[in-house]
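If you want the building blocks of each chain, they are given just below.
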Amino acid sequence: AVVSTQSTGARRLITRLMAIVPAVVVIVVMGPGQTYQLLILSQVILSFALPVAIVPLTQFSASKTIMGPFTNHIVVTVFTTFIVLFIIALNVWAVVGMIQSMAADGWRGIVAAAFLFGPASVILAVVLLWVVFRWKPKPRVGRFYLSLNDSEDVEKFYIQK
């Protein structure tokens, strides 16, 4: 365990300042009139993280290797896949809309959009393609126990190598 030499109050203050100071600096630099645009931009950038979380979650819950007897039914998996694709389509729509609105500001907006969304889009696409097409779960090693009260139920869900 790591022992902190700082007090809890100092650690909380430092953590909060690390979150607040960049936001205040950006608002001061951009001006109070741009706060709404900054909020929209932050949500569009945050939407990049959603597919990285929900695509593997959908795959994990559909994998017999990982979930064993608790694998999602095929109907649930198909329904979830459609929802995930819909969410990804909405995220792409939001990113394209943000790029278009930034490009309307002239060359500075185009450069900013390329800087913000170019590398992130490529990295996101590579990660998602790897997860969907290349990632294979390792076979379960060892034993899996479901913590139930009745020992017969535990034996029923016992899985060997």
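Residues numbered from 1 in each chain as written. Predicted model: local features only at pLDDT ≥ 70, side-chain atom pairs only at ≥ 80, totals over all residues. Heavy atoms only, no water.

Colleague: Teacher, can you tell me more about the nonpolar core here?
Modeller: Generally speaking, nonpolar side chains in soluble globular proteins are found buried as a group. Formed by 14 residues in total, the largest nonpolar core has its most connected members in Val44, Phe48, Val55, Val95, Met98, Met102 and Phe117. At the level of elements, helix H2 (35–46), helix H3 (49–62), helix H5 (74–103) and helix H6 (107–134) are the ones that each hand at least two residues to this core. The leading source of residues in this core is H6, at five residues. Among all residues touching Val44, those that are not within four sequence positions of it are Ala94, Val95, Met98 and Phe117. (Core = buried A, V, L, I, M, F, W, Y, C linked by side-chain atoms within 4.5 Å. Buried < 20%, exposed > 50% of the residue type's maximum accessible area, 1.4 Å probe, protein only. Helix = DSSP H or I, 4+ residues; strand = E, 2+ residues; numbered from the N terminus. Contact = heavy atoms within 4.5 Å.)

Colleague: I'm lost on the confidence of the model for the chain in this one. Help?
Modeller: Detailed reading of the predicted coordinates is not advisable wherever pLDDT is low. Summary statistics for the chain give a mean pLDDT of 76 and a share of 80% for residues scoring 70 or more. Mean pLDDT across the secondary structure elements of the chain bottoms out at helix H7 (residues 151–156), with 51, and peaks at H5, with 88. (pLDDT = per-residue confidence, 0-100.)

Colleague: What is the right way to look at the packing of H5 against H6 in this model?
Modeller: When two helices pack together, their arrangement is given by the angle between the helix axes and the distance between those axes. Where H5 contacts H6, the axes come no closer than 7 Å and their chain directions differ by 150°. One finds that H5 runs roughly antiparallel with respect to H6. Judged by the twist between their axes, the crossing of H5 over H6 is right-handed. Along the contact surface, H5 presents Val95, Met98, Ile99, Met102 and Ala103, while H6 presents Gly109, Ile110, Ala112, Ala113, Leu116 and Phe117. Considered class by class, the residues forming the contact of H5 with H6 number ten nonpolar, one polar and no charged. (Axes fitted to C-alpha atoms, helices over the stretch in contact; angles between N-to-C directions. Parallel < 35°, antiparallel > 145°, perpendicular 65-115°, else oblique. Left-handed = near helix turned anticlockwise from the far one by under 90°. Nonpolar A, V, L, I, M, F, W, Y, C, P; charged D, E, K, R; others polar.)

Colleague: In this structure, what is going on with H3? I would like to understand it.
Modeller: Given 3.6 residues per helical turn, the α-helix brings residues three or four places apart onto the same face. The end-to-end C-alpha separation of H3 is 21 Å, in line with the 20 Å expected for 14 residues at 1.5 Å each. Of all the positions in H3, only Pro51, Ile54, Val55, Pro56, Thr58 and Ser61 are classed as buried. In this structure, the buried residues of H3 make contact with helix H4 (64–67), H5 and H6. (Expected span 1.5 Å × (residues − 1).)

Colleague: Looking at this structure, how should I read the environment of Ala62?
Modeller: If you trace the backbone, Ala62 turns up in helix H3. Note: C-alpha distance between Ala62 and Val78 (16 residues apart in sequence) is 9.6 Å. Residues in contact with Ala62, not counting those within four places in the same chain, are Thr71 and Thr77.

Colleague: Mind showing me how you'd approach the environment of Gln37 here?
Modeller: Structurally, Gln37 can be placed in helix H2. If near-sequence neighbours (up to four positions away) are discounted, Gln37 is found in contact with Met98 and Ser101.

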